[in-house]
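A look at the structure
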Amino acid sequence: MSVDGVEKEQISNVFHLADKYNIQFIRLQFTDILGAMKNVTIPLSQLRKALDGEIMFDGSSIEGFVRIEESDMYLRPDPETFLIYPWLVTEGGAMEARLVCDVYNYDRSPFEGCPRNALQRVLAEAGELGYRMCVGPELEFFLFQMDDLGRPTTITQDKAGYFDMAPVDKGEEARHDIVVNLQKMGFEIEASHHETAPGQHEIDFKYANALEMADKMVTFRFVVRSIAQRHGLHASFMPKPIKGVSGSGMHVNQSLFREDRNAFINDKDLQKLSKIAYQYIAGVLAHAKAFTAVTNPTVNSYKRLVTGYEAPCHIAWSERNRSPLIRIPSKRGMSTRIEIRSADPSCNPYLALAVQLKAGLDGIKNEMKPPAPVDFNIFDLTDEELSRMGIEALPGNLKEALGALTRDEVIREALGPHIYSRFLEAKSREYEEYNMTVHDWEIRQYLATY
């Protein structure tokens, strides 16, 4: 593995920090296609070998990776991702850290089934056009009580709502502890608060380059679950765990930068948005049905995308309300951005950012124009009114979303043929299994009637 001067300096810094903070174990982390975090832990003595890209693993055991006859794969850590887990300290003061890895084939070529590699391919495409993507996510989650056997329930700690200042309980204490540990890890937290539903919370962190942010989003889920468990709670990123209350979303604020200037800015425009911004919006709207399969990848995701709970159901954009797919936050200047509101935290962050960026870039390349903004509450419109205005709906279930994905060449290209085929296979199987399962609602509705 050849390294340049910058990477040599980063590697040197990893060894310096490992020595300074008495790091004894390092977790080499990556995700499978579905977004589940995987890791292998190595002792400090193997760090040099790891940074040289010499750590192998069995790829056939990972969801959606390779067949058993081609299973040997390499992990290549990104030295810039070195972070210390501040709560993982032994009695002797030894600590653990993590390095995020790219996955490589046996012949040392980048593995096309690695989600992080997929995002980097689309970021490189943006780079060829002169752009880099910056992202600021808003991640929501629930904190639930555990039963006497340590199993998660759907019982929450509070009855609070949006921004409520509830009496101190285990949920609020856990959220504060999560924020403290994230800050110790170098996350710049902009806000944390109680969300709309009982037991629901949100933590927002500062804008960063897309790859850095995807790494943080994956790590965030691990930190939240780990700290919640220390407080006797279960943290869930399930999109809709409770009927009748708001589900958990993952709003993705995003913009393109050209060098150090926000490419979405145009002070002469009435909305102060550039032509690039409008084209990006148009691309996102054009490919929204297809990328929904990736940003909302579970059967449960579509129980959140329903009218009445502020989650978007329709493909439109607006400055003034939160009912459409895309909202333009009022802040301008370097903070000019779009907010895609449909994604949920069950997605693979690398793939979710890759498909959204790819959609926006397609709008730029083809100089697409978005429809007129919708500055009224879409939820108040009838199906007839929506049809007359040409406002289409997002997919209503996972099967519809997968169908849209199969018909969209641009979004399939963002995933690459390997990830696309394995993702489609896994998710089609998930929907079929769900469709064949007899659910409690059906028993209550039909068992005594028929």
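Because the structure is a prediction, the values reported are computed rather than measured. (Residues numbered from 1 in each chain as written. Predicted model: local features only at pLDDT ≥ 70, side-chain atom pairs only at ≥ 80, totals over all residues. Heavy atoms only, no water.)

Turning our attention to the overall build of the protein. On a plain count of helices and strands, the protein comes out with eleven helices and 17 strands. For 450 residues, the compact-globule estimate of 2.2 N^0.38 gives 22 Å, and the protein sits close to it at 22 Å. Taking the principal axes of its C-alpha atoms as reference, the protein extends roughly 65 × 55 × 50 Å. Among the 450 residues that make up the protein, the fraction classed as buried is 55%. Put simply, the protein shows about 20,700 Å² of open surface, and 49% of that area lies on carbon and sulfur atoms. The averaged location of the 64 negative side-chain charges in the protein is 2 Å from the averaged location of its 51 positive side-chain charges. (Helix = DSSP H or I, 4+ residues; strand = E, 2+ residues; numbered from the N terminus. Rg over C-alpha atoms; globule rule 2.2 N^0.38 Å. Buried < 20%, exposed > 50% of the residue type's maximum accessible area, 1.4 Å probe, protein only. Areas by Shrake-Rupley, 256 points an atom, 1.4 Å probe, with all protein chains shown as cover. Lys, Arg positive; Asp, Glu negative; His and termini not counted. Charge placed at Lys NZ, Arg CZ, Asp CG, Glu CD.)

Helical geometry note: an α-helix holds 3.6 residues per turn, so side chains three or four residues apart project in the same direction. The set of residues buried in helix H9 (residues 398–406) consists of Leu398, Ala401, Leu402, Gly403, Ala404 and Leu405. Of the residues flanking the start of H9, the one acting as N-cap is Asn397, its side-chain oxygen 3.1 Å from the backbone nitrogen of Lys399. (Polar contact = N/O pair within 3.5 Å; in protein donor to acceptor, adjacent residues only side chain to side chain.)

Attention now goes to the packing of aromatic side chains. Under the criterion given, the structure shown has 15 aromatic pairs. When the ring of Tyr431 is compared with that of Tyr434, the centres are 6.4 Å apart and the planes differ by 45 degrees; the resulting orientation is tilted. Linking Tyr431 with Tyr434, this pair stays in helix H10 (residues 409–436), spanning three residues, or about one helical turn. Here a set of aromatic residues connected by ring pairs shows up, and it is made of Phe141, Phe187, Phe205, Phe220 and Phe237. It is Arg108 that lies over the ring of Tyr74; its NZ or CZ is 3.8 Å from the centre. (Phe/Tyr/Trp six-rings, centres within 6.5 Å; stacked < 30°, edge-to-face > 60°. Lys NZ or Arg CZ within 6 Å of the ring centre and 35° of its normal.)

Taken N-terminus to C-terminus, the directions of helix H3 (residues 115–128) and helix H7 (residues 349–365) make an angle of 20 degrees; their axes are 9 Å apart at the nearest point. Considering the angle they form, H3 stands roughly parallel to H7. Crossing hand, H3 versus H7: left-handed. Contacts between H3 and H7 involve Pro115, Arg116, Ala118, Leu119, Val122, Leu123, Glu125 and Ala126 from the former and Tyr350, Leu351, Leu353, Ala354, Leu357, Lys358, Leu361 and Lys365 from the latter. For the contact of H3 with H7, the residue count by class is twelve nonpolar, no polar and four charged. (Axes fitted to C-alpha atoms, helices over the stretch in contact; angles between N-to-C directions. Parallel < 35°, antiparallel > 145°, perpendicular 65-115°, else oblique. Left-handed = near helix turned anticlockwise from the far one by under 90°. Contact = heavy atoms within 4.5 Å. Nonpolar A, V, L, I, M, F, W, Y, C, P; charged D, E, K, R; others polar.)

Glancing now at a nonpolar patch on the surface. Among the surface-exposed residues, Val438, Ile443 and Leu447 lie close enough to one another that they form a single nonpolar patch of about 300 Å² accessible area. With respect to the helices, strands and loops of the structure, Ile443 is situated in helix H11 (residues 440–446). By relative accessible area, which is 39% here, Ile443 ends up partly exposed. (Patch = residues over 30% accessible without salt bridge, like charges linked within 9 Å, V, L, I, M, F, W, Y side chains within 5 Å. Salt bridge = Lys/Arg side-chain N within 4 Å of Asp/Glu carboxyl O.)

On to the environment of Asn253, then. With respect to the helices and strands, Asn253 occurs in strand S13 (residues 250–258). On the basis of relative accessibility, which here comes to 4%, the residue Asn253 falls in the buried class. Along the primary structure Asn253 and Tyr207 are separated by 46 residues, whereas in three dimensions their C-alpha atoms are 8.2 Å apart. Among all residues touching Asn253, those that are not within four sequence positions of it are Cys134, Val135, Gly136, Glu138, Tyr207, Pro329, Arg337, Ile338 and Glu339.

Let us look at the nonpolar core. Counting 95 residues, the largest nonpolar core has Ile203, Phe205, Phe220, Leu256, Tyr280, Ile326 and Leu357 as the members making the most contacts within it. Among residues more than four places away in sequence, those in contact with Phe220 are Leu139, Phe141, Leu182, Ile203, Phe205 and Phe237. The next biggest cluster of nonpolar side chains, apart from the first, holds 24 residues, and it includes Ala18, Met73, Met95 and Val103. (Core = buried A, V, L, I, M, F, W, Y, C linked by side-chain atoms within 4.5 Å.)

Turning our attention to helix H5 (residues 210–230). When the terminal C-alpha atoms of H5 are compared, their 30 Å separation across 21 residues agrees well with the 30 Å that a helix rising 1.5 Å per residue should span. Burial within H5 is extensive, with 17 of its 21 residues counted as buried. Looking at the residues trailing H5, positive phi occurs at Gly232, about 75 degrees. (Expected span 1.5 Å × (residues − 1).)

Across all of its chains, the model carries 18 salt bridges by this definition. The salt bridge involving Arg116 is made with Asp215; its shortest N-O contact spans 2.8 Å. Residue Arg116 is found in helix H3, and its partner Asp215 is found in helix H5; the two are separated by 99 residues along the sequence. A salt bridge links Lys206 to Glu188, with the nearest nitrogen and oxygen atoms 3.8 Å apart. A residue pair is termed long-range when its members are at least 10 positions apart, and Lys206 in the loop between strand S10 (200–205) and strand S11 (208–209) and Glu188 in the loop between helix H4 (170–184) and strand S9 (189–194) qualify at 18 residues. Owing to a relative accessible area of 38%, Lys206 belongs among the partly exposed residues under this scheme. Each of the salt bridges in this network shares a partner with another, and the network as a whole consists of Asp78, Asp102, Arg116 and Asp215.

A separate point is the environment of Ala50. Looking at where Ala50 falls in the secondary structure, it is placed in helix H2 (residues 47–51). The buried category is assigned to Ala50, whose relative accessible area is 0%. For the pair Ala50 and Ser12, spaced 38 residues apart in sequence, the C-alpha to C-alpha distance is 14 Å. If near-sequence neighbours (up to four positions away) are discounted, Ala50 is found in contact with Leu28, Ile42, Ile55, Leu75 and Pro77.

This part takes up unusual backbone geometry. Not every positive phi belongs to a glycine, and Arg108 is a case in point at roughly 75 degrees. Tracing the sequence through the fold places Arg108 in the loop between strand S6 (95–104) and H3. With relative accessibility at 37%, the residue Arg108 sits in the partly exposed group. The backbone phi angle of Glu259 is positive, close to 55 degrees, even though this residue is not glycine.

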